[in-house]
Amino acid sequence: MKVFKFGGASVKDANGVRNVIKVLEKVGYENTLIVVSAMGKMTNAFEVVVDYYFNDTGQLQSKLDDIKIFHKTILLDLFETEQHPVFKSVMVLFEDLNTFFKTNKSPDYNFVYDQVIGFGELISTTIISYYLNEKGFKNNWLDVRNCIKTDNYYRRANVNWEATQEQITKAVDKSTLYITQGFLGSDSNNFTTTLGREGSDYTAAIFAYCLNADSVTIWKDVPGVLNGDPRVFKNTELLHTISYTEAIELAFYGASVIHPKTLQPLQQKEIPLHVKSFLNPENSGTTVNKTEGIVPKVPCFILKKNQVLLSLSTLDFSYVVEENISEIFNLLALYKMKVDVIQNSAISFSVCFDNTYNNLEKLLLHLKAKFKVTYHNNVSLYTIRHYDEAAIKALEKGKTVLLKQLFQETVQIVTN
């Protein structure tokens, strides 16, 4: 069986949905499971809805209406009449969302986020499944929440692999074409959970692992994996092959083309991952498999924005030793900070992290009781894999370097 993943950019409008059919016609779709993201920037739009739910309910309905209009425009372009059953199916989903808003009692932002955000995927897959059936591509719509079971760590849920394997084995007939949602799962109480932003790639890998798939293909708006984001870095190059280990390193440091957790289940079963262009589906793209390093071997550039750089020293100028470091990491874990860089000396400790859960003020309050604290908000973290001096100089030009750390294959630079 093959697993395909189409991201939001590939289905951002009616022409994008039509192009999915062109891709399937060119590369084949027998024994295939297709994972689809929300259309275009709809995940961002639903995030705004969640914010209005908590902070400005007067604007909530207006934002929901904007999302309805966006999807209805696509529906009217794809289907000849509003009498088509797809319109009712999509409307039912919006009614379910309204029901949640009316009945929800939880004040937990992260819980509400996960119950709301997944409607982008539920709507997109409903539209695409109906359209494929309309065009003769017989498929089954699959609710991924019945397949991928997780804990209740909302917004970054952990997969229960045993339960997930059981559910996927029960739900999927390998000889059938399926359409399902990326990014989502459900906990033991059947509340929706999410696997982290950009988690649809991970969804594809979970299905591939559980189905012993032949391959996973991620369809992107770029030719494959480049050595840097072309929107940020100039003169980027296509990487033809990447080893699992190297891809895991790139993903860990924040390479946006592959979700950090995607590679591990694929590596365990040596399932190759292809990253290809949905505009030129017959081009070779990039293959991640059991090989060595990267081809060609060039510096790879990664940027993570909106980071926090935190520097600590003890109030009595004593050494920052194991006991202090253990306490610091316990607090970082408590407040759900994802750490990207660590640097310490005898009397100071610096760490760069994502403040995804907006717990920075709570963390600072806790730390200031024992440490002298300085921090920089909204800093940029640059990582270069396989760096050379020319690459470092070009990156640092015109920037203020706040922290720099070099390893054998990797340099990390924090700038403001």
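Residues numbered from 1 in each chain as written. Predicted model: local features only at pLDDT ≥ 70, side-chain atom pairs only at ≥ 80, totals over all residues. Heavy atoms only, no water.

Draft legend 1. Representation of the pairing of strand β16 (residues 401-406). Judged from the five bridges that link them, β16 and strand β17 (residues 410-415) form a sheet pairing that is antiparallel. Within β17, the residue paired with Val 401 across the bridge is Thr 415. Connecting β16 to the next strand, β17, in antiparallel fashion are three residues. (Pairing = 2+ DSSP bridges. Helix = DSSP H or I, 4+ residues; strand = E, 2+ residues; numbered from the N terminus.)

Draft legend 2. Region of interest: helix α13 (residues 389-396). Residues Ala 391, Ile 392 and Leu 395 constitute the buried set of α13. Each buried residue of α13 lies within a common arc of 100° when the element is viewed along its axis, so the set occupies one face. In α13, those exposed residues whose orientation departs by more than 90 degrees from the buried face are Glu 389, Ala 390, Lys 393 and Ala 394. Considering only its buried residues, α13 is in contact with β12 (300-314), β15 (371-385), β16 and β17. Positive phi shows up at Gly 398, right after α13, with a value of about 80°. (Buried < 20%, exposed > 50% of the residue type's maximum accessible area, 1.4 Å probe, protein only. Arc of directions from axis to C-beta. Contact = heavy atoms within 4.5 Å.)

Draft legend 3. Layout of the nonpolar core. Membership of the largest hydrophobic core comes to 97 residues, with the highest contact counts inside it found for Leu 33, Phe 101, Val 116, Val 172, Phe 207, Val 216 and Leu 273. Leaving out residues up to four positions away in the same chain, Leu 273 has contacts with Val 216, Ile 218, Ile 258, Leu 263, Leu 266, Thr 286, Thr 287 and Val 288. With 18 residues, the next largest nonpolar core counts Leu 312, Leu 332, Met 337 and Leu 364 among its residues. (Core = buried A, V, L, I, M, F, W, Y, C linked by side-chain atoms within 4.5 Å.)

Draft legend 4. Examining the sheet that holds strand β3 (residues 140-142) more closely. Taken in spatial order, the nine strands line up as β3-β4-β2-β1-β7-β9-β10-β8-β11 in an open sheet, and their pairing is mixed. Looking at the sheet topology across the chains shown, the edges are occupied by β3 and β11 (294-295). Pairing geometry for strand β7 (residues 215-220) and strand β9 (residues 273-277), over five bridges, is parallel. Bridge pairing in β9 places Val 216 opposite Leu 273. Seen against the sheet, helix α1 (residues 14-27) touches β1 (2-6), β2 (32-36) and β7 and runs at an angle of roughly 155° to β1. Helix α6 (residues 119-134) contacts β2, β3 and β4 (178-181) of the sheet and is inclined by roughly 165° relative to β4. (Axes fitted to C-alpha atoms, helices over the stretch in contact; angles between N-to-C directions.)

Draft legend 5. Structural detail: the environment of Lys 234. The topology assignment puts Lys 234 in the loop between β7 and β8 (241-243). With a relative accessible area of 77%, Lys 234 lands in the exposed category. With 106 residues separating them along the chain, Lys 234 and Asp 340 place their C-alpha atoms 24 Å apart.

Draft legend 6. Inspection of the packing of helix α2 (residues 42-55) against helix α5 (residues 109-117) at higher detail. With their axes 10 Å apart at the nearest point, α2 and α5 run at an angle of 135° to one another. Taken together, the axes of α2 and α5 lie oblique to each other. The element α2 and its partner α5 pack so that their crossing is right-handed. On the side of α2, the interface is formed by Thr 43, Phe 46, Glu 47, Val 49, Val 50, Asp 51, Tyr 53 and Phe 54, while α5 contributes Tyr 109, Val 112, Tyr 113, Val 116 and Ile 117. (Parallel < 35°, antiparallel > 145°, perpendicular 65-115°, else oblique. Left-handed = near helix turned anticlockwise from the far one by under 90°.)

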